[in-house]
There are 2 protein chains.
Amino acid sequence: MGTRPATSLLIRIDPRARETLQQQIYAGIRRAVLEGLVTPRTRLPSSRALAEDLRVSRTTSLLAVEQLRAEGYLTARRGSGTFVADLLPDDHPQAGSARVAPKPIHPPLSRRGAALVAARQGARRLPGPPRPFRIGTPGVDLFPVRLWSRLASRRLRAVTSAQLDYGDPAGLRVLREAIAKHVETARGTRCAADQVLMVAGAQQGLDLICRLLLDPGDRVWMEEPGYPGARSALLGAGARILPVRVDVEAGVRSAGNVRLVYVTPSHQYPLGVPMSLPRRLTLLKWAAAARAWVVEDDYDSEFRYGARPIPCLHGLDIDGRVIYVGSFSKTLFPGLRLGFLIVPPDLQDRVVAARSAADQHPPSLDQAVLADFIVEGHFARHLRRMRAAYRERLESLAAAAERFCRGRLRLRPVQAGLHAVADLDGVDAVRVSREAATRGVEATPLSAYFVGRSRGANSLVLGFGAVRPEAASRGMERLAAAIEAARRL
Amino acid sequence: MGTRPATSLLIRIDPRARETLQQQIYAGIRRAVLEGLVTPRTRLPSSRALAEDLRVSRTTSLLAVEQLRAEGYLTARRGSGTFVADLLPDDHPQAGSARVAPKPIHPPLSRRGAALVAARQGARRLPGPPRPFRIGTPGVDLFPVRLWSRLASRRLRAVTSAQLDYGDPAGLRVLREAIAKHVETARGTRCAADQVLMVAGAQQGLDLICRLLLDPGDRVWMEEPGYPGARSALLGAGARILPVRVDVEAGVRSAGNVRLVYVTPSHQYPLGVPMSLPRRLTLLKWAAAARAWVVEDDYDSEFRYGARPIPCLHGLDIDGRVIYVGSFSKTLFPGLRLGFLIVPPDLQDRVVAARSAADQHPPSLDQAVLADFIVEGHFARHLRRMRAAYRERLESLAAAAERFCRGRLRLRPVQAGLHAVADLDGVDAVRVSREAATRGVEATPLSAYFVGRSRGANSLVLGFGAVRPEAASRGMERLAAAIEAARRL
């Protein structure tokens, strides 16, 4: 075989198997090597090619290959790739100490580094332009880029030396004031501008909170199913996640010695249900008694369809233990990378110090443009316009589901946000998801959002924020075909 | 005294004392309380006011106050401030177990969080527009804002939905390619665009590297004196810093079991000397034998005045263990918050995964504008123009020093970068720095950059990048007055 790349057809992946994807790839390659299906010195496909072929994340394929390298089945040659080792470790089963492992050139990652890298495995994002029914992408096609551009030009023309210099690690004062005012009217909570800290998106906010408040091994209560980005931040900080079904009473009973609770009360991610007022009060009372921090991720609560808003947890908190995480990724556009935290007063200076040590401060000009956008009323107008657009997109989604998938796919009622949960009947959601992917449709199985076993969750999560009516119709037609194909498998 | 704020005149701070500033503030307030100089229920100034009065960082004042609160000397009332406690802990010296400490409402910070917050104490930055002779601020007054604005508008007009959506955590491909090309011609190193990873400024790059590669307690070799931002990142990761005088041979002899070396070989921060070629090779050879990572911070090497450039360490590295940290804060403007890492190929995917878990990706539009700026040749032109401007500013600084401070201040030769080291004779640099501050002049004592004792370093570090010729003259006149005042103290 020489240096011809080995094909990845040797490996079969089953997303529903008990083993992780990484374990399956590891076992598949090892078997192929041991059984002589690939001979010594055969070049392996790159981890990128492997990941693409197998439809797994690069990290997954990379970690599997690294394990095989560490164990001596594969060797790496700088600049030319990874090869099947000349001398396999299993050739000398009796010579335990003389094991043929390639000498690692570099020291390994730190424990926290390995945790951080591994944490990211769960959260995959497909490249390319948004396809139906991608989750997390808002209706960027409707973003007023000309207006934004005009505000940006005006700011740049009037820029001062101080604005180009290093800025306040807490963020631009005028922006923090505008946000404090906005959350008071829109989210039913009051805070001083001092408590609002700008971050490079909600993910940085979560990462910062986890680093600052959690020691490795600390127990954390996280919703099950839940948001993979939060899970990454928690695992990256070495936290032990206690997955709690979306049921505050059960959480309170089982939580025990928990240091932090992560919740999405306005619109549970990904189920979409809001947390009731009595449950909110129960959670806060419990947190006060348990002396736990409560992280409230309010990621897309601005978009509601009819239901009366409940004040956010932060607005009900009289005890200063709720940390509110806000994002502009859904309300404006994700590429902006701006979000904010609202922290209790006694945490304020410490979060700012940590943030400053981590990456100084957010980009000054982007903050200035955003401040103008809010202060001049464009933000409120944009939200109103998008609320109407999203309602229309939701209706298109429902109509398309009714037309193409009647009886096979049932949308659960959507009260808020940019995605819907759809239950399947008699056909496996993971299979449907894979069939849909081959047809250019993103339909994420609900089970992907579970840390533990996803008992009985045979559903898909469908984003509609970035899906225009005509695309919803085309996408749903293909999803119907995917369901048919999965049923025949 | 009622609730009239206590004045901070009760506390005397001596920056040269053996105790830290925090310890001095703690001791000062405690003494005032115990001696009855401030009575129970007296309201303390806010930590911000305290910090301003005492000219220390807010974190310093905050931590001192928090310690006093934890020990029961002070109490906090939500929303109204911090007060001298009714019942002092020392009122009951015999009742050890019944100690009157206010019940802490919140759990403490994590160990790493406390390290991160404490790490930032060393690195203070004065607010307000750049004053002479601030360090770290480039000549933002000469930045071509109109050109930048034009590029930004053009990008925004042509923006696609995919560009507004979430982006690649490694950064924009076209920008990474442009940077790979630039470092090849400008810095004498070659790398694939895949190895270039965009970060939100050099500080984020350092923080990411430290998290990924260092476990708490790992030993790290850092230059002494050295860059406070790097020190923050290292301490924030829990590393044990081994300060090594700028002398590779001494480092190699004393380093021992070190996992990572942080160096600024092109232009040592803050001394300004370049590392010689033989020393570079010695360092790399040692690092290969010690299996240590080498972090090369190339923060302002683009600006050289005459001396022939030496290839950067990354360009001499045949072993894949140098991590290059690049920044646009000096070459463009700090408020942009963009920098990059060049990492060895086997680290690439893991840094990207960690970065994605930490904060997703850098802002898309800023990256796109920067890419255009480089690709269209504006960056190279801007560097040429700034090199000439900085040479002129350096000459103005030297002329002003000669005119106003002759015999009292001796500038060391400057071969590169945006700051100069100036030696003082017969007058203490810390005193001069304090006197200068009262005159609106920033003159940082060299001793501020030492981790250990700064034996014999009686010098000032003076930035000239942001100081126009006329401002240099005025600033130097005031600095001369500060030297006179410090001499008379």
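If you're wondering where the values come from, they're calculated on a predicted model, not measured in any experiment. (Residues numbered from 1 in each chain as written. Chains lettered and ligands numbered in written order. Predicted model: local features only at pLDDT ≥ 70, side-chain atom pairs only at ≥ 80, totals over all residues. Heavy atoms only, no water.)

**A closer look at the pairing of strand β13 (residues 459–463) of chain B**
All names here are of chain B. The test is simple: Accessibility here uses a 1.4 Å probe with only protein chains present; expressed as a share of the type maximum, an area under 20% marks a residue as buried, one over 50% as exposed, and anything in between as partly exposed. Segments assigned H or I by DSSP are reported as helices when at least four residues long, segments assigned E as strands when at least two residues long, and all are numbered from the N terminus. Here, any two strands with at least 2 DSSP bridges between them count as paired.
The element β13 is extensively covered by neighbouring structure, given that 5 of its 5 residues are classed as buried. Burial along β13 is two-sided: the face carrying Ser-459, Val-461 and Gly-463 and the face carrying Leu-460 and Leu-462 are both buried. Here strand β12 (residues 444–445) runs beside β13; their pairing, made up of 2 bridges, is antiparallel. In the strand pairing of β13, Pro-445 is matched with Leu-460.

**A word on the packing of aromatic side chains**
Spelled out, the test is: A pair of Phe, Tyr and Trp rings is counted when the ring centres sit within 6.5 Å of each other, with Trp represented by its six-membered ring. The angle between the planes then sorts it: under 30 degrees is stacked, over 60 is edge-to-face, the rest tilted.
According to the stated counting rule, one finds 28 aromatic pairs over all chains in the structure shown. Here the aromatic cluster, defined as three or more aromatic residues joined through ring pairs, consists of Phe-143, Trp-148, Phe-333 and Phe-373 of chain A.

**Things to note about the sheet that holds strand β7 (residues 293–297) of chain A**
All names here are of chain A. Selection rule: All axes are obtained by fitting lines to C-alpha atoms, using only the stretch in contact for helices, and the reported angles, taken between N-to-C directions, cover 0 to 180 degrees. By definition in these notes, contact holds between two residues if any of their heavy atoms fall within 4.5 Å.
Across the sheet, which stays open at both edges, the 7 strands sit in the order β3-β9-β8-β7-β6-β4-β5 with mixed pairing between neighbours. Edge positions in the sheet fall to β3 (196–199) and β5 (240–245), since each of these pairs with one other strand and no more. Averaged over all pairs of adjacent strands, the angle between strand axes in this sheet comes to 20 degrees, irrespective of strand direction. Note that strand β8 (residues 322–327) and strand β9 (residues 339–342) share 4 bridges and pair antiparallel. Bridged to Tyr-324 within β9 is Ile-342. Running over the sheet, helix α8 (residues 202–213) touches β3, β6 (260–263), β7, β8 and β9 and is turned about 155 degrees from β8. Sitting on the sheet, helix α9 (residues 228–236) touches β4 (219–224), β5 and β6, and the angle it makes with β4 is about 165 degrees.

**Details of the side chain of Asp-297 of chain A**
All names here are of chain A. Operational definition: We define a polar contact as two N or O atoms separated by no more than 3.5 Å, with the added condition that, inside protein, one atom must be a possible hydrogen donor and the other a possible acceptor, whereas residues neighbouring each other in sequence contribute only through side-chain atom pairs.
You can see Asp-297 is positioned in strand β7. Within the structure, the side chain of Asp-297 is placed 2.6 Å from the side chain of Tyr-262, a separation counted as a polar contact. Residues in contact with Asp-297, not counting those within four places in the same chain, are Leu-206, Tyr-227, Tyr-262, Val-263, Thr-264, Pro-265 and Val-325.

**Let's talk about the environment of Gln-163 of chain A**
Residues and elements named next belong to chain A. Considering the arrangement of structural elements, one finds Gln-163 in helix α6 (residues 161–164). For Gln-163, a relative accessible area of 27% corresponds to the partly exposed category. For the pair formed by Gln-163 and Ser-254, sequence separation is 91 residues and the distance between their alpha carbons is 50 Å. The residues contacting Gln-163, other than those within four sequence positions of it, are Arg-155, Ala-158 and Ser-364.

**Digging into the packing of helix α5 (residues 145–157) of chain A against helix α14 (residues 364–375) of chain A**
Residue and element names in this part refer to chain A. Heads up, the rule is: By the definition adopted for this analysis, an angle is roughly parallel if under 35 degrees, roughly antiparallel if over 145, roughly perpendicular if from 65 to 115, and oblique otherwise. In this scheme the crossing of two helices becomes right-handed for a clockwise turn of the near helix relative to the far one and left-handed for an anticlockwise turn of less than a right angle. Residues are grouped as follows: nonpolar covers Ala, Val, Leu, Ile, Met, Phe, Trp, Tyr, Cys and Pro; charged covers Asp, Glu, Lys and Arg; every other residue, Gly included, is treated as polar.
Packing of α5 against α14 brings their axes to within 9 Å, and their N-to-C directions diverge by 120 degrees. In terms of their interaxial angle, α5 and α14 are classed as oblique. Helix-helix and strand crossings are classified by hand; for α5 and α14 the assignment is right-handed. The residues of α14 that touch α5, namely those facing Leu-147, Trp-148, Leu-151, Ala-152, Arg-154, Arg-155 and Leu-156, are Leu-365, Ala-368, Val-369, Leu-370, Asp-372 and Phe-373. Across the contact of α5 with α14, the residue classes break down as 10 nonpolar, no polar and 3 charged.

**Remarks on the relation of the copies chain B and chain A**
Basically, it comes down to this: Superposition of the copies used a least-squares fit over C-alpha atoms from residues whose pLDDT is at least 70 in both.
For the pair chain B and chain A, the relating rotation is 180 degrees, the translation along its axis is 0.1 Å, and the fit reaches an RMSD of 0.2 Å. As the rotation angle and translation indicate, the two copies are arranged about a two-fold axis. Looking at the rotation axis and the C-alpha trace of chain B, the residue lying nearest is Ser-153 of chain B, at 3.4 Å. With an isologous cut-off of 70% or more, the 100% of interface residues of chain B that recur at the interface of chain A puts this contact in the isologous class.

**Quick notes on helix α2 (residues 47–54) of chain A**
Residues and elements named next belong to chain A. The line we're drawing: Relevant arc is that of directions from the helix axis to the C-beta atoms, nothing else.
Where α2 is concerned, the buried positions are Ser-47, Leu-50, Ala-51 and Leu-54. Buried positions in α2, seen along its axis, are confined to an arc of 100 degrees and lie on one side of it. Once α2 finishes, Arg-55 follows within two positions and takes phi at roughly 55 degrees, a positive value.

**Some remarks on the environment of Ser-459 of chain B**
Residues and elements named next belong to chain B. With respect to the helices, strands and loops of the structure, Ser-459 is situated in strand β13. Residue Ser-459 is classed as buried on the basis of its relative accessible area of 2%. Excluding residues that lie within four positions of it along the chain, Ser-459 makes contacts with Arg-412, Val-421, Ala-422, Asp-423, Leu-424, Ala-429, Thr-444, Pro-445 and Leu-446.

**Re the pattern of salt bridges**
If the charged atoms of two oppositely charged side chains come close together, the side chains can form a pair. Rule in force here: Only one rule defines a salt bridge in this text: a Lys or Arg side-chain nitrogen within 4 Å of an Asp or Glu carboxyl oxygen.
What the rule picks out here adds up to 49 salt bridges over all chains. Residue Asp-215 of chain B pairs with Arg-111 of chain A through a salt bridge whose shortest N-O separation is 3.7 Å. Taken together, the positions of Asp-215 of chain B in the loop between α8 (202–213) and β4 (219–224) and Arg-111 of chain A in helix α4 (residues 111–119) put the pair across two chains. The class of Asp-215 of chain B is buried, set by a relative accessible area of 9%. Given the relative accessible area of 60%, Arg-111 of chain A is considered exposed. The shortest N-O distance in the salt bridge between Asp-298 of chain A and Arg-187 of chain A comes to 2.5 Å. Remark: Arg-187 of chain A occurs in helix α7 (residues 173–187) and Asp-298 of chain A occurs in the loop between β7 and α12 (313–316); sequence separation between them is 111 residues.

**Thoughts on the domain arrangement of chain A**
The extent of an interface is frequently quoted as the accessible surface area lost upon association of the parts. All names here are of chain A. We apply this condition: In this entry, domain limits derive from an automatic or database-based domain assignment. Defined in terms of a 1.4 Å probe, buried area is the accessible area two parts forfeit on being brought together, summed over both.
For chain A, the domain assignment lists domain 1 (4–95), domain 2 (144–376) and domain 3 (381–488). Domain 2 and domain 3 are separated by 27 Å when their C-alpha centres are compared. Taking both sides of the interface into account, the surface hidden between domain 2 and domain 3 amounts to around 2,400 Å²; carbon and sulfur atoms contribute 60%. Among the residues of domain 2 in contact with domain 3, Arg-245, Phe-303 and Tyr-305 are the three that bury the most area, contributing 30% of the side total. Connecting domain 2 to domain 3 are 0 salt bridges. Between domain 2 and domain 3 we count 11 residue pairs in polar contact (both at pLDDT 80 or more) in total. Residue assignment for the side of domain 2 that touches domain 3 shows that the elements contributing at least two residues are α9 and β5. Partitioned by chemical class, the residues of the side of domain 2 that touches domain 3 number 14 nonpolar, 5 polar and 8 charged.

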